[in-house]
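# Structure at a glance
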Amino acid sequence: MSSNYYISPDHAPLPPTDAEVLTTACDYCIVACGYKVYRWPFGSPDGGATAAENAFGVDFPTGPLQQWVAPGQHNVVMHKGAPHNIVVVPDRATRAVNLNGDSSVRGGLIAQKCYNPSTPTRDRLMTPLVRIYGQLQPVPWEFALDIAAAVGKHVIETHGANAYGVKTYSYQYIENTYAITKYARRHINTANFTFHDTPSDVTSTPGFRDAGFDNFGPSYEDWGGADTLMVCGTDPYETKTVLFTQHMMPAIRRGMKVIMLNPRETAGVAYVKTMGGMHIDLLPGTDNLVLGAIARVILQNGWEDSEWISQWVNNKWESSSGFGQGTRNTPWQWRTTWGLFQTKGFEDYKAWNLAQKEYDPEYAARVAAIDVEKIYRAAQWLAKPTGEGRPKASFGIEKGLYWSNNTGNTNAISSLATICGAGGRPGQVVGRFGGHQRGGLSGGSYPRNKSPEKLPGRRRRALDTDRWTYSGHTRMAHVIGTTWLQSMCGSQGLQNRFWELVTSNPHQVRSYDKQEIIDSLKARADSGGMVVINQDIYLRDPIGAKFADIVFPAATWGEEDFIRANGERRLRLYQKFYDAPGQAKPDWWIISKLAKRMGFDGFDWSNANDVAEEASRFSRNNRKAFHMVTVAAHLEGKTLHQKMAEFGTDGIQGPVFYNYKTGQLHGTKRLHDTTLTEADFERLGVGNGLEGANRYGKKLTHFNSQTGKVNLQKHPWSLFSDFYEWLSPKGEELWFSNGRINEIWQSGFDDVERRPYISQRWPENWVEIHPDDAAQRGIESGDQVMLFSDRVAAFKDTILGVEGNNFQFSELMKRGHIELSKAAVTAVAMVTPAVKKGMLYANMLDPRQPTNALTARVVDQISGNYNYKMGVARIKKIGESAYKHEFRSMSFVPRNIV
């Protein structure tokens, strides 16, 4: 049996001296490395090997770490209707982000993302499609838009705004996210709305929000400024490579200590260990216990940062002031004043922590299955004073932490960071490392008052779109740029419900007449079924391929001028450098055409810059506020996009300020910066108050709370412990979790499915299993295995909360709101000591075998978020894979290699 193989080209053309040069940034992870695009007509002379003959101005062959072009960095695209060569390479001259022209394996190959019919990108969506007689068939834009608008208006008028559901990305470009949210939240005004990674429109890190920390306050250089850096729930090398290689590794080599909390030893963890760092290899979901125990050791020894706490931590009256009253009763307000979380200040938190048995280091270590000595050593590294003073500690988190006990873990890390004196100071920061880039900009507020979900008291909760749809209340699902079904928890059960509502409904389109199509889809919605619109760049299975009634082809990176920020709020213009394939259009254009047909005003944009300039006004209180760039651009007689292009790959960090005296724009290095001086404000041009259109919010120098100080919070284990105990492995079950690896971005739509080398390297789903667990089950590396469970819990109803414990997992079980279903996925086994004994770890999102099928579709009872990283499964061998004895494709070497 032979597996697929790929033989790479061995050369690429060099750009000539007269090649056009544009700037962009990587489209993938949060880091957003800067790139240059060299473009010249196909068929015209390429560049030569001497410095005088190529656009780089260097002699080839070059030496190590010098400028070069890999075959994967070249492509041929259409520009103004004619074929052009492009070379997309890291910008070696950039002064930000990917210093020295570094790149990840993902970004380094981004030229292959561009549409080219001679490559696997040939299946790009290039025309609108309507499902007729069960087949998606090409139609004109007007035809598809007319149908979508007619059915959408009918659904809203007949069944209410909440019957129109919008599931969309939050991370794309501001031109698109602004248009989509303006359409969905302001004009349709539906509460049946959420982003790609949440079942409800809620914050991903409730503990940060409640403490007052912005998710992306630090700058990248801050992550190398501490004495001790605690990294929770991620390996930055695997998931945001250049942040690790360019901003953390130099600091580690200088002596920065790193503490990594996660269940696997990956390459980044292994490097940290070789450099004297620590790996706390805890079981999934036990972070709260370990963090609380570390805090207890610090408190018992009096190692807390008393000076910081006295100046920057709220007391009872400060945290209570103005919260939880009347119409101001928003989630972050009531959580911070609800008795389960609020403290009366530091002494109250200390007394509470010391009174909880679960934060005893021995207890926490036993449940987390770690060496208790690591808890004591971590406390010393983070907070124990030396002859040189207190250590400077920083804290960075990602999904492994906040998607496994969402509220409890994010509260715990916020409180630990606070007592260690971390906030917005150099070397002492708190934040997310990030996943996607930050392109979200709201064109309308979420209509929380229209959500039918209610927590005890007068607390409105954002509508859970999964449960709302599962219950049959969504009559039109508008899905934009996301693999909704595979990416949610309990995904196979949700997919089955889609089949019942869409495919098995008797009202199917069996006519080519536009009005008859509209009537058929209206009838389906009226009968309790559901109509599906899908916007994407590829036809994704199953949301597009199986369920969509209407498909809109979207234009993407390189095909339009777009603005987006990275994880340090650095804004760049991603310049258009080639023609979108066929009739594909950017999402803002699709939304504008649909909105006007729906009768909505304010969508008369002629180009992407029009959208960006309108959106800039709504960014003014945002972490990436860029309205002053628009102001400066207009004063200079330019457009916003033109002005943004001048920043190149360096970009500018939001919030952005304009100095009217000097005519200069200034970015913001970090938020919550308590070290800013009057001179700094003079430099920004706001020294004597708010000059001109400049506006700066509290979070520039303070924290996001009523007083501008930090809310020190409790993080009770009891809110999660009943779910944890119920879920804990029984019999032959093992803990199950999942996540990303370096070579694959997101669902693999660009790389695993359309880059031959990556397809060869990762041809199937995979699962890591510890050698001891594998031996007990007769499993070897390369075996085909099945992961399965008959204990996939799903919260099946939309309910009103009346009593205080109505959303506690044990109470939901008792009242019959939880149903148990089965799920199964197959994978190739990778036997490795790098994964913790007693658990399995698989790819986050292989759409063919979505492992989220094994995780519980039960939200965190406080935040409304899923705990995606928490599941259990049994595993058995079902045969040998094609890769077990042939080493052309998959490698079974452990990933913890330095």
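Given the structure is predicted, the values throughout are model-derived calculations rather than measurements.

### Thoughts on the environment of L441
As for its position among the elements, L441 is in the loop between strand 14 (428–432) and strand 15 (454–455). L441 gets classed as buried once you look at its relative accessible area, which sits at 4%. L441 sits 271 residues away from S170 along the chain, and the two C-alpha atoms are 8.2 Å apart. The residues contacting L441, other than those within four sequence positions of it, are I174, T177, Y178, T181, A615, F618, S619, N622 and F626.

### Focus: the side chain of K643
Among the structural elements, K643 can be located in helix 24 (residues 640–645). Under the relative-accessibility criterion, K643 is labelled buried at 10%. Setting aside residues no more than four positions away along its own chain, K643 makes contact with V629, A633, E636, K638 and L665.

### Thoughts on the packing of helix 2 (residues 174–188) against helix 21 (residues 587–597)
A pair of packed helices is captured by two measures, namely the crossing angle of their axes and the spacing between those axes. At a closest axis distance of 8 Å, the pairing of helix 2 and helix 21 adopts a crossing angle of 25°. Compared by their axis directions, helix 2 and helix 21 come out roughly parallel. Of the two elements, helix 2 crosses helix 21, and the hand of that crossing is left-handed. Contacts between helix 2 and helix 21 pair E175, N176, A179, I180 and Y183 from the former with D587, W588, I591, L594 and A595 from the latter. Within the contact of helix 2 with helix 21, the residues separate by chemical class into seven nonpolar, one polar and two charged.

### Some details on the sheet that holds strand 1 (residues 20–25)
Reading across from one edge, 1-2-4-3 is the order of the four strands in this open sheet, with antiparallel pairing throughout. Strands at the two margins of the open sheet, each flanked by one partner only, are strand 1 and strand 3 (74–79). The mean inter-strand angle of the sheet, taken between neighbouring strand axes irrespective of direction, is 35°. Note: strand 2 (residues 34–41) against strand 4 (residues 82–90), seven bridges, orientation antiparallel. Along strand 4, the bridge assignment pairs V37 with V88.

### Brief notes about the layout of surface pockets
By volume, the largest pocket is sized at about 1600 Å³. Along its surface, the largest pocket is lined by 49 residues, and R185, F195, D201, V202 and T203 are the ones closest to its centre. When contributions to the lining of the largest pocket are tallied by element, the ones reaching two or more residues are helix 2, helix 3 (206–211), helix 10 (331–337) and helix 14 (399–402). Of the residues belonging to the lining of the largest pocket, the class tally is 15 nonpolar, 19 polar and 15 charged.

### What to know about helix 19 (residues 514–526)
The first and last C-alpha atoms of helix 19 sit 18 Å apart over 13 residues, in line with the 18 Å expected at 1.5 Å per residue. In this structure, the buried residues of helix 19 make contact with strand 5 (129–132), helix 1 (141–159), helix 18 (491–503) and strand 18 (531–536). Among the residues trailing helix 19, G528 stands out with phi positive, at a value near 100°.

### Points about the packing of aromatic side chains
Scanning the model with the defined rule gives 43 aromatic pairs in all. Ring centres 6.2 Å apart and planes at 35° place the aromatic pair W766 and Y841 in the tilted group. Here the residue W766 occupies a position in strand 26 (residues 766–769), and Y841 occupies one in strand 29 (residues 839–843), the gap between them amounting to 75 residues. Across the pair, Y841 and W766 agree in class, each one buried.

### Some words on unusual backbone geometry
Of note, the bond from D541 into P542 is cis; its omega dihedral lies within 30 degrees of zero at 10°. Looking at the element boundaries, P542 is found in the loop between strand 18 and helix 20 (543–547). In this chain, G654 is followed by P655 through a cis amide linkage whose omega measures -5°. Tracing the backbone shows P655 in the loop between strand 22 (652–653) and strand 23 (657–659). A positive phi angle is found at N189, which is not glycine, with a value near 60°. One can find N189 in the loop between helix 2 and strand 8 (193–195). The class for N189 is partly exposed, based on a relative accessible area of 27%. If you check the backbone angles, R569 has positive phi at about 65° while not being a glycine. Looking at the secondary structure, you find R569 in the loop between strand 20 (562–565) and strand 21 (570–574).

### Some thoughts on the pattern of salt bridges
On inspection of all chains with the given rule, the structure shows 54 salt bridges. Close ionic contact of K113 with D750 constitutes a salt bridge, the shortest N to O distance being 2.6 Å. Separated by 637 residues along the polypeptide, K113 in the loop between strand 4 and strand 5 and D750 in the loop between strand 25 (734–739) and helix 27 (756–761) bring together distant segments of the chain. We note that K113, like D750, is buried. Look at the salt bridges and you will find they share partners, linking E780, D783, K877, E880 and K884 into a network.

The rules behind these values
Residues numbered from 1 in each chain as written. Predicted model: local features only at pLDDT ≥ 70, side-chain atom pairs only at ≥ 80, totals over all residues. Heavy atoms only, no water. Helix = DSSP H or I, 4+ residues; strand = E, 2+ residues; numbered from the N terminus. Buried < 20%, exposed > 50% of the residue type's maximum accessible area, 1.4 Å probe, protein only. Contact = heavy atoms within 4.5 Å. Axes fitted to C-alpha atoms, helices over the stretch in contact; angles between N-to-C directions. Parallel < 35°, antiparallel > 145°, perpendicular 65-115°, else oblique. Left-handed = near helix turned anticlockwise from the far one by under 90°. Nonpolar A, V, L, I, M, F, W, Y, C, P; charged D, E, K, R; others polar. Pairing = 2+ DSSP bridges. 1 Å grid on protein atoms, 1.4 Å probe; cavity = no way out; pocket = protein on both sides within 12 Å on 5 of 7 lines; lining within 4 Å. Points joined across faces, edges and corners; volume = space filled by probe spheres on them. Expected span 1.5 Å × (residues − 1). Phe/Tyr/Trp six-rings, centres within 6.5 Å; stacked < 30°, edge-to-face > 60°. Salt bridge = Lys/Arg side-chain N within 4 Å of Asp/Glu carboxyl O.

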